[in-house]
Amino acid sequence: SVSEANHSVVTEFVFLGLSNSQELQIFLFLFFFVFYIAIVFGNLLIVVTVASDSRLHSPMYFLLANLSLIDLSLSSATAPKMIADFFSTRKVISFKGCLAQIFLVHFFGGSELVILMAMAFDRYTAICKPLRYTTIMCRHMCAGIVAAAWGIGFLHSVSQLAFAVNLPFCGPNEVDSFYCDLPRVIKLACTDTYRLDVMVIANSGVLTVCSFVLLITSYTIILMTIQRRPSDRSSKALSTLTAHITVVLLFFGPCIFIYAWPFPVKSLDKFLAVFYSVVTPLLNPIIYTLRNEDMKRAMRRLEKWNVNSGIKS
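Residues numbered from 1 in each chain as written. Predicted model: local features only at pLDDT ≥ 70, side-chain atom pairs only at ≥ 80, totals over all residues. Heavy atoms only, no water.

Asker: What's the story with the overall build of the chain in this structure? I'm lost.
Answerer: Within the chain, the secondary structure is distributed over 12 helices and three strands. For 313 residues, the compact-globule estimate of 2.2 N^0.38 gives 20 Å, and the C-alpha radius of gyration of the chain, at 22 Å, lies within 12% of that figure. Summarising its shape, the C-alpha atoms of the chain cover approximately 75 × 50 × 30 Å along the three principal directions. Taken over 313 residues, the chain has a buried fraction of 48%. Put simply, of all contacts in the chain between residues at least 6 apart along the chain, 79% involve residues at least 24 apart. (Helix = DSSP H or I, 4+ residues; strand = E, 2+ residues; numbered from the N terminus. Rg over C-alpha atoms; globule rule 2.2 N^0.38 Å. Buried < 20%, exposed > 50% of the residue type's maximum accessible area, 1.4 Å probe, protein only. Contact = heavy atoms within 4.5 Å.)

Encoded structure:
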């Protein structure tokens, strides 16, 4: 009956988490707590370094600072809840909280996708059209790119949320993960979800795959351009480009398997979800700082400035 259906509407979801072992959960708590602290520190360090050092006030580092800010936000949408849940017997999130996680994950994920494409365009312009670089990648262009990234991320997340917000949830409420994401949540709906699964693949999956192919094609063109140049002039460009390609592979690899692969494997999906939301936001600042001499010199200058300020005070 209608009254029975109304009484059975799901108001909360239960996460099954990463493990049922109490000993393992203590280890995972310590492991991910350290990881998250490193994510916050590493990404904020990049943002502060770029903002404070005038030598880094260029389009490439402006986009890098925005990437770090998005990485920090993406991880913060899932990691704190996961870390707190290691000490909970029932890992519960409200229905609205679940929708909020879906929105935030796709908001920051969609924004990061656009920023990575913008960084590829920036390197393409710098290497393939160096004489026109300052004209093309002007301040207004950079501001427009960042505004477009946040705007596209918002539109993408709203479109994803539209799939879930009106779904009837009246039975199972256990999410086999540590956070809410659309492919897992729609499987709990009290309706046939085949069409919704196809729509998710068509929306997030096709968008991710097409963007990945476009990025790889762009970087291939850039690499071919670098090979035609003298080795002493191309070594720095190649080092920067290697860091960019590594970050692209780390971001898009898990996304393609989570949103575009039609035959999901639960254990693999959990691993990739951890990699996407916790590991990649930590690896990005490490990759960009270890492979970038300008960033390392700027961080040493920032450290020296802090030491001198401490001595004077």
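Asker: Explanation requested: helix α3 (residues 59–76) in the structure shown.
Answerer: Helical geometry: 3.6 residues make up each α-helical turn, so side chains three or four residues apart lie on a common side. The first and last C-alpha atoms of α3 sit 26 Å apart over 18 residues, in line with the 26 Å expected at 1.5 Å per residue. Summarising burial for α3: 15 of the 18 residues are buried, a large majority. (Expected span 1.5 Å × (residues − 1).)

Asker: How should the state of the cysteines be read in this particular structure?
Answerer: Each disulfide consists of a covalent bond between the sulfur atoms of two cysteine residues. Counted under the stated rule, the structure contains two disulfides. Across the disulfide, C98 is cross-linked to C180 (sulfur-sulfur distance 2.0 Å). Judged by the sign of its S-S torsion, about -115 degrees, the cystine formed by C98 and C180 is left-handed. Within this pair, whereas C98 is found in helix α5 (residues 95–128), its partner C180 is found in the loop between β3 (174–175) and α8 (182–185), the two being separated by 82 residues in sequence. With respect to class, C98 is no different from C180; both count as buried. (Disulfide = S-S within 2.5 Å.)

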